[in-house]
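# Geometric and topological summary
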Amino acid sequence: MWGIVASFERRADGDAELTEVWSRAVGRLTVRRGVPAPLARAVVANALAVIHFGELSDLELLDRLVREFGGRQVAELQDEGLRVVDGPDRPLTTALAQALGHHAWGLEPAPAGGVDLTARPDLVTACAEAGIWLMCVGAADPEPPVLTTVEDVLAVFRDGGVPAWRALVAASRAEPWSGVSEEHLKLLDPVAHAAEVSCLRAVSEMIRRIVEDEERAAIAAHIRNAIAETGLTQREFASLVGTSSSRLSTYVTGTVTPSAAMLLRINRAARRVRRGDTAD
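Residues numbered from 1 in each chain as written. Predicted model: local features only at pLDDT ≥ 70, side-chain atom pairs only at ≥ 80, totals over all residues. Heavy atoms only, no water.

Inspection of every chain in the model, using the stated rule, returns 19 salt bridges. As a salt-bridge pair, Glu-20 and Arg-24 come within 2.7 Å of each other at their nearest N and O atoms. Highlighted residues: Glu-20 and Arg-24, both in helix 2 (residues 16-28), separated by four residues, approximately one helical turn. Among the residues examined, Glu-20 registers a relative accessible area of 38% and is labelled partly exposed. We classify Arg-24 as partly exposed; its relative accessible area is 26%. Through salt bridges with shared partners, one network takes in Asp-79, Arg-83, Asp-86, Arg-90 and Arg-166. (Salt bridge = Lys/Arg side-chain N within 4 Å of Asp/Glu carboxyl O. Helix = DSSP H or I, 4+ residues; strand = E, 2+ residues; numbered from the N terminus. Buried < 20%, exposed > 50% of the residue type's maximum accessible area, 1.4 Å probe, protein only.)

Take a look at the structure:
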């Protein structure tokens, strides 16, 4: 982690404005519980490097951070680190999102560095994941922009910033199956607006995956709580619902989501045990 910081500081040396931003970011950085200070500093240093230098090595380090610590945690640390030196409209965070969007989908404006990732699909994927996660964390505008024309959609890409983009993503995340994203896509020409179409599709698909993961985690937590409230072991409880201990374990960990019938059976068994009887 310190190598990422050292590389950034070496290149920032001589740029008084960038050095001052970095100094303020480090001085105000609040490290959350469970997050090592070197990791928090490395993520912020990498974010500033992607914005200001945009070298291939910066994107490779971003890929490494995302793979090792997950897109959500990296995005949260990027947001927290940049927020303390950003303006109310989040220009620095917007610049980071724009750089990631260009590398992932070819969105304008082009960032510093002019890196060609044609031969590096792994980094394209890393930029897309990091960019979408950055839209899923942090503060957003109270209401998303209303998009009813092609110009509305293009204006959001061209003139919008992180708070507005996050509001749109939050609205899509609240109703991932409603088809709102598809309505926006219908406004765009897939040839003339290829970059914007690719971005919207990727955001919609990833939001649905995130929501599905959250739903699986919620079901697993529900099952764990139901079993814990009975006071039985997993093996004892598994026998009550007619499954094996190993199979029940996959439900508890979220590795497998049980069928609706099995979830109903689990809930009924838990209620019977809590009541101390065998009646339904």
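After that view of the structure, there is still more to cover.
Looking now at the side chain of Asp-58. For Asp-58, the location among the structural elements is in helix 4 (residues 56-69). Residues in contact with Asp-58, not counting those within four places in the same chain, are Arg-11, Asn-46, Ala-49, Val-50 and Phe-53. (Contact = heavy atoms within 4.5 Å.)

To continue, consider the confidence of the model for the protein. Predicted coordinates in regions of low pLDDT should not be interpreted in detail. With 99% of its residues at a pLDDT of 70 or more, the protein shows a mean pLDDT of 91. When mean pLDDT is compared element by element in the protein, helix 6 (residues 91-105) scores highest at 96, while helix 10 (residues 180-186) scores lowest at 86. (pLDDT = per-residue confidence, 0-100.)

Looking now at the packing of helix 6 against helix 7 (residues 121-136). Close contact between helix 6 and helix 7 brings their axes to 8 Å; oriented N to C, the two are set at 145°. In terms of crossing hand, the pair formed by helix 6 and helix 7 is left-handed. Side by side, helix 6 and helix 7 meet where Thr-93, Leu-96, Ala-97, Leu-100, His-103, Ala-104 and Trp-105 of the first sit next to Val-124, Cys-127, Ala-128, Ala-130, Gly-131, Ile-132, Leu-134 and Met-135 of the second. Considering only residue class, the contact of helix 6 with helix 7 consists of twelve nonpolar, three polar and no charged. (Axes fitted to C-alpha atoms, helices over the stretch in contact; angles between N-to-C directions. Left-handed = near helix turned anticlockwise from the far one by under 90°. Nonpolar A, V, L, I, M, F, W, Y, C, P; charged D, E, K, R; others polar.)

So, about helix 6. Spanning 15 residues, helix 6 covers 20 Å between terminal C-alpha atoms, matching the ideal 21 Å at 1.5 Å per step. Here helix 6 lies mainly inside the structure; eleven of its 15 residues are buried. One or two steps after helix 6, the chain reaches Gly-106, where phi turns positive at roughly 85°. (Expected span 1.5 Å × (residues − 1).)

Attention now goes to the environment of Thr-149. Looking at the secondary structure, you find Thr-149 in the loop between helix 7 and helix 8 (150-159). Here Thr-149 falls in the partly exposed class, since its relative accessible area comes to 35%.

Residue placement: Asp-152 occurs in helix 8. On the basis of relative accessibility, which here comes to 25%, the residue Asp-152 falls in the partly exposed class. Taking the C-alpha atoms as reference points, Asp-152 and His-222, separated by 70 residues in sequence, lie 42 Å from one another. When sequence neighbours within four positions are dropped, the list of residues in contact with Asp-152 reads Val-146 and Leu-147.

Looking now at the state of the cysteines. All chains considered together, the criterion is met by zero disulfides. Not engaged in a disulfide, the cysteine Cys-127 finds its nearest cysteine sulfur in Cys-199; these two sulfurs lie 13 Å apart. Given the relative accessible area of 1%, Cys-127 is considered buried. A disulfide-free cysteine, Cys-199 has its sulfur positioned 12 Å from the sulfur of Cys-136, the nearest such atom. Overall, Cys-199 belongs to the buried group, its relative accessible area being 8%. (Disulfide = S-S within 2.5 Å.)

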